Amino acid sequence: NGGEYDPLPVDQAIAYVVEVLPAFQYLHDQGLIYCDFKPDNAIQVGDALKLIDLGGVRRADDHESAIYGTVGYQAPEVATQGVSVASDVFTIGRTLLVLCAEFRGYQSTYEFTLPDVADTPLFQRNDSLYRLLLKCCAPDPADRFQSADELRHQLLGVLRETVAHRIEGTTATSAASLLFEPPTVLGNTLDWHQLPRLRPDTTDPQHAWLSNVAIDDPRLRLRALDAAPGRSAEIQLARCRAALDIGDAGILTRVVSDLLNEDPWEWRGVWMSGLGAVQTKDWDTAKSAFNAVYGQLPGELAPKLALALACENGNETDVAEALYATCVATDANYVTPAAFGLARIRIQRGQLEKAVEALDQIPPTSRAYAESRRLRARHQLELGDGLDDLAQAMASIEGVRMEPRDAAEFSVSILERALAEVRRSGPRPQLAVGDGPATEDSLRHRLEAAYRSLARHERLRRVELIDRANRLRKWSLL
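Conventions and cut-offs
- Residues numbered from 1 in each chain as written.
- Predicted model: local features only at pLDDT ≥ 70, side-chain atom pairs only at ≥ 80, totals over all residues.
- Heavy atoms only, no water.
- Salt bridge = Lys/Arg side-chain N within 4 Å of Asp/Glu carboxyl O.
- Helix = DSSP H or I, 4+ residues; strand = E, 2+ residues; numbered from the N terminus.
- Buried < 20%, exposed > 50% of the residue type's maximum accessible area, 1.4 Å probe, protein only.
- Pairing = 2+ DSSP bridges.
- Expected span 1.5 Å × (residues − 1).
- Contact = heavy atoms within 4.5 Å.
- Patch = residues over 30% accessible without salt bridge, like charges linked within 9 Å, V, L, I, M, F, W, Y side chains within 5 Å.
- Areas by Shrake-Rupley, 256 points an atom, 1.4 Å probe, with all protein chains shown as cover.
- Phe/Tyr/Trp six-rings, centres within 6.5 Å; stacked < 30°, edge-to-face > 60°.
- Lys NZ or Arg CZ within 6 Å of the ring centre and 35° of its normal.
- Axes fitted to C-alpha atoms, helices over the stretch in contact; angles between N-to-C directions.
- Parallel < 35°, antiparallel > 145°, perpendicular 65-115°, else oblique.
- Left-handed = near helix turned anticlockwise from the far one by under 90°.

Enquirer: What's the story with the pattern of salt bridges in this structure? I'm lost.
Expert: Note that side chains of opposite charge can pair when their charged atoms are close. Enumeration according to the criterion identifies 36 salt bridges in this entry. R239 is the partner of D226 in a salt bridge, and the nearest nitrogen-oxygen pair spans 2.9 Å. Here D226 is found in helix α8 (residues 218-226), whereas its partner R239 is found in helix α9 (residues 233-246), with 13 residues between them in sequence. The class of D226 is partly exposed, set by a relative accessible area of 37%. Assessed through its relative accessible area of 10%, R239 is described here as buried. Linked through salt bridges whose partners overlap, the residues forming this network are R405, D406, E409, E416, E458, R461, E464 and R468.

Written out as structure tokens, the structure reads:
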């Protein structure tokens, strides 16, 4: 384009690569390695992308035939170890990067590496894509995605996230993860047990046995798990969960250590250690653990939510805010916990308007909607300035199901502040605070009723509240 590099839009480039990954999985299932993937070896046919030029394909166990590859795409170990599924994954990662960024020096300076984040705007804008490319193009083949299907699943998650960021203001939809259950958050707090749970691995040899262990008491459950017929990964993970439920950091540490000694790439063990760190408020360890899981699963939102929680409590609120924002924009299952997280961070900064915007992301269909509206009203009452914010506070709780005492308490607090503001700065008849105008007579009348309503639920303060109501009442002489 006039001598300038013209990369594809990132979402389009990702979609193209996602399109060809089933072809790679098919070849790999047949014991074949493609070897020489690059942008020239894919062609668009209608709305689909086809893998072409199979001249370089060879069997994985063929150690004699010539290997075909292209400088800048071929994995570093091919010259000494030959080709593999992992070397194909390397070529896929390199191809994706060339498609969506101006990657100068990819055949020389960066033949086997990626450019620095500071020099690559694409990486600065899309951390998940950067981490996915890091894993695809890791120097050690064992550190890469181990199948095209595994890469495809993570790449689809990165694609959803990329599209969500590009099209701001859209309503997030939900997409089931193969690895995590949705988070379970009903209020403003987020703790280890509310973070997404791991989905069971149905291919685990002990899955059937484990399915019959339904013991609520975690100590009894742990005792049953200790007597399991084998120590598979699922058994060990269930032991980790029981240790967390008991609150026994020692057992958790030992089981995680056994898991990682058996398989150093078992990210689920690292996830469990992160949950344990959250439980003990060891935020530096939690950040390290969840950051590692994020690197292994760049398309998943669960590690991003967990890392956001650790960063929020570990004095890295800018990072936490960005991660929470990604969760809010990408998946409806994550909107509620992430929106509460955004609101917490912004309130700590005194950013009332931005905190309210975050709470407004929580939809009426959420079970935490009532809590979000109460919190919205509380923030506007405590941090607001003037009648407009007080009117918004009252509007926040209108139509929300609340305990009668809580509703009366909110009404009293808001109307007291509004009456004081009208007396100080004058009436505003055009502004409605609740179901009446911001005038002294109207506010006095409604505050009197609110005092009497609250008195019905406050035995110890009943006399005081009735006295307050009587002082506001307009008495007439007959």
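Next, the rest of the story.
Enquirer: Is there a simple way to explain the pairing of strand β3 (residues 48-51) in this structure?
Expert: Put simply, side chains in a regular strand alternate between the two faces of the sheet. Going residue by residue along β3, you find L49 and L51 tucked away on one face and A48 and K50 left uncovered on the opposite face. Direction of pairing for strand β2 (residues 42-45) relative to β3: antiparallel, over a ladder of four bridges. Within β3, the residue paired with V45 across the bridge is A48. The turn linking β2 back onto β3 is made up of two residues, and G46 within it adopts a positive phi angle of 65 degrees.

Enquirer: Can you help me understand α9 in this one?
Expert: One turn of an α-helix holds 3.6 residues; hence residues three or four places apart share an orientation. A rise of 1.5 Å per residue sets the reference length of α9, with its 14 residues, at 20 Å; its end C-alpha atoms lie 20 Å apart and thus fit the reference within 8%. Taken together, the buried positions of α9 are E234, I235, Q236, L237, A238, R239, C240, R241, A242, A243 and L244. Buried residues along α9 sit in contact with α7 (207-211), α8, α10 (249-262) and α11 (267-279). Directly beyond the C-terminal end of α9, a positive phi value near 85 degrees is found at G247.

Enquirer: It is not clear to me how unusual backbone geometry should be interpreted in this structure. Could you clarify?
Expert: Within the chain, C35 stands out as a residue other than glycine whose phi angle is a positive 85 degrees. Mapping C35 onto the fold places it in the loop between β1 (32-33) and β2. Unlike most non-glycine residues, N315 shows phi in positive territory, near 65 degrees.

Enquirer: Explanation requested: a nonpolar patch on the surface in the structure shown.
Expert: Side chains of I43, V45 and I52 sit close together on the surface and give an oily, nonpolar patch of about 220 Å² of accessible area. Looking at where V45 falls in the secondary structure, it is placed in strand β2.

Enquirer: When you look at the environment of D47 in this model, what are you seeing that I'm missing?
Expert: Tracing the backbone through its elements, the reader meets D47 in the loop between β2 and β3. Placed 31 residues apart in sequence, D47 and Y16 show a C-alpha to C-alpha distance of 9.8 Å.

Enquirer: Explain the packing of aromatic side chains to me, please; I cannot follow it from the model alone.
Expert: Ring pairs (aromatic) are described by centroid distance and by the angle formed between their planes. Using the criterion set out here, one finds ten aromatic pairs in the structure. Among the aromatic side chains, those forming a connected cluster through ring pairs are Y73, F103, Y106 and Y110. Positioned above the aromatic ring of Y294 is the side chain of R131, whose terminal nitrogen or guanidinium carbon lies 3.8 Å from the ring centre. The residue whose ring lies beneath K135 is F145, and the NZ or CZ to ring-centre distance is 5.2 Å.

Enquirer: I'm lost on the packing of helix α1 (residues 10-29) against helix α6 (residues 148-166) in this one. Help?
Expert: Any two packed helices are characterised by the angle at which their axes cross and by the distance between the axes. Where α1 contacts α6, the axes come no closer than 9 Å and their chain directions differ by 165 degrees. In terms of orientation, α1 and α6 fall into the roughly antiparallel class. Between α1 and α6 lies a crossing of left-handed hand. In this structure, α1 uses V10, D11, I14, A15, V17, V18, L21, P22, F24, Q25 and H28 to contact α6, whose residues at the interface are A148, D149, L151, R152, L155, L156, V158, L159, T162, V163 and R166.

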